[in-house]
Amino acid sequence: MNFLLTLAYDGTNYCGFQVQPNGRSVAAAFQDALEAVLGSRPDIKGCSRTDAGVHALGFRLNFHADTRIPAAKLPLALNQHLPPDIRVLDAQPVPEDFHARYAAHTKTYLYRIHNHPIDSPFDAAYYTRVPRHLDESRMQAAAQQFVGRHDFLALCAAGSSAAAHGDTVRTITDCHVTRKGDEIDIEVTADGYLYNMVRILAGTLCEAGAGRLDPAEIPAILASRDRSRAGPTLPAKGLFLKCVEYDL
């Protein structure tokens, strides 16, 4: 059977989702749990390659396995063998040809900012602190300029394989900014992303919020295809993969 699972994880102690030679990955920890439960180590297909330190609220992956364990009981079985910073939230059977990455219609990312001079003692690992007051209305005005089908090369970090192949056009269907007290959330929904795209987008919105960038400049920044004209790449710890949508 082909199973689709939803995971939540704290990426602080991992080199990212994908197995890499330079550190412990979420995928390796998950496959260890699979091996403990199934007695085999099936290949897994992740919906995305989250970077080191990035978190997930609704990461999706699929794998094929011959098991009598019903899908509804897989989360509990796997969670008994996973570290406490990785949890399986849901499992469901899907068609044999389903692929968690290629079948995804949209992915939504959340970037969290603590807009205060002092860190929270409780969740500083899950946001980026910006001490200077940010104007969320300016940030929202800038965010709206990103919505649509654009060439996002200006929001792409060096070393991107997609950029090397000239594949830098993506469609953002929603981009909005909300404030609750000192917390500012940036949410982006798109059909795909470039390397560090959301972290650079969030950094660009912070430049607008701080008054260093006019929201009306965003179209020109995108048209320039020049990374140096966009904002800084914000730290990974504020980024969460929130959800992935499929036709199921």
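Per an unreviewed UniProt entry, the recorded name for the chain is tRNA pseudouridine synthase A, and the organism is Faecalibacterium wellingii. Of the chain, the UniProt comment under Sequence similarities (unreviewed entry) reads exactly: "Belongs to the tRNA pseudouridine synthase TruA family."

Student: I would appreciate a short explanation of the pairing of strand S10 (residues 239–245) in the present structure.
Tutor: Across a regular strand the side chains alternate sides, sitting on one face of the sheet and then on the other. Note that strand S3 (residues 55–64) and S10 share 2 bridges and pair parallel. Directly across from Ala-56, in S10, lies its bridge partner Leu-241. The pairing of strand S5 (residues 106–114) with S10 spans 6 bridges and is antiparallel. Residue pairing for S10: Tyr-109 is matched across the bridge by Leu-241.

Student: What is the right way to read the pattern of salt bridges from this model?
Tutor: Close approach of charged atoms allows side chains of opposite charge to pair. Applying the stated criterion across every chain yields a total of 12 salt bridges. Of the charged contacts, one joins Asp-32 and Arg-41 as a salt bridge, the two residues approaching to 2.8 Å between their closest N and O atoms. Take Asp-32: its relative accessible area is 32%, and that puts it in the partly exposed class. A salt bridge links Arg-225 to Asp-151; the nearest nitrogen and oxygen atoms lie 2.6 Å apart. Of this pair, Arg-225 sits in the loop between helix H6 (218–224) and S10 while Asp-151 sits in strand S7 (residues 148–151), placing them 74 residues apart in sequence. Here Asp-151 falls in the partly exposed class, since its relative accessible area comes to 21%. Each of Arg-24, Asp-32, Glu-35 and Arg-41 takes part in a single network of salt bridges with overlapping partners.

Student: I tried to follow the packing of aromatic side chains on my own but got confused; where do I start?
Tutor: The description of two aromatic rings rests on the distance between their centres and on the angle between their planes. Counted by the stated rule, this structure contains 6 aromatic pairs. Aromatic pair Phe-3 and Phe-63: ring centres 5.7 Å apart, planes at 35°, arrangement tilted. With a gap of 60 residues between them, Phe-3 in strand S1 (residues 2–9) and Phe-63 in strand S3 connect regions that are remote in the sequence. Ring centres of Phe-98 and Tyr-246 lie 5.0 Å apart, and the angle between their planes is 65°; on these two criteria the pair is classed as edge-to-face. Within this pair, whereas Phe-98 is found in the loop between strand S4 (86–94) and S5, its partner Tyr-246 is found in the segment after S10, the two being separated by 148 residues in sequence. Aromatic ring contacts, followed pair by pair, group Phe-3, Phe-30 and Phe-63 into a single cluster.

Student: Explain the layout of surface pockets to me, please; I cannot follow it from the model alone.
Tutor: Which parts of space are left empty comes out when a probe the size of a water molecule is rolled across the atoms. Its boundaries defined by the atoms lining it, the largest pocket holds a volume of some 1000 Å³. In terms of lining residues, the largest pocket is bounded by 37 residues, among which Ser-48, Arg-49, Tyr-193, Leu-194 and Tyr-195 are the most central. Those elements that provide at least two residues to the lining of the largest pocket are S5, helix H4 (161–164), strand S8 (169–180) and helix H5 (197–209). Looking at side-chain class alone, the lining of the largest pocket contains 17 nonpolar, 12 polar and 8 charged residues. What the second largest pocket holds in volume is close to 220 Å³. If you go around the second largest pocket, you meet 14 residues; those closest to its centre are Phe-17, Gln-18, Ile-44, Lys-45 and Gly-46. Breaking the lining of the second largest pocket down by element, the ones donating at least two residues are helix H1 (26–38) and strand S2 (44–46). For the lining of the second largest pocket, the element with the highest residue contribution is S2, accounting for 3 residues. For the lining of the second largest pocket, the per-class residue count stands at 6 nonpolar, 5 polar and 3 charged.

Reading the values: the criteria
- Residues numbered from 1 in each chain as written.
- Predicted model: local features only at pLDDT ≥ 70, side-chain atom pairs only at ≥ 80, totals over all residues.
- Heavy atoms only, no water.
- UniProt positions renumbered as here; feature names shortened; annotations may be inferred.
- Pairing = 2+ DSSP bridges.
- Helix = DSSP H or I, 4+ residues; strand = E, 2+ residues; numbered from the N terminus.
- Salt bridge = Lys/Arg side-chain N within 4 Å of Asp/Glu carboxyl O.
- Buried < 20%, exposed > 50% of the residue type's maximum accessible area, 1.4 Å probe, protein only.
- Phe/Tyr/Trp six-rings, centres within 6.5 Å; stacked < 30°, edge-to-face > 60°.
- 1 Å grid on protein atoms, 1.4 Å probe; cavity = no way out; pocket = protein on both sides within 12 Å on 5 of 7 lines; lining within 4 Å.
- Points joined across faces, edges and corners; volume = space filled by probe spheres on them.
- Nonpolar A, V, L, I, M, F, W, Y, C, P; charged D, E, K, R; others polar.

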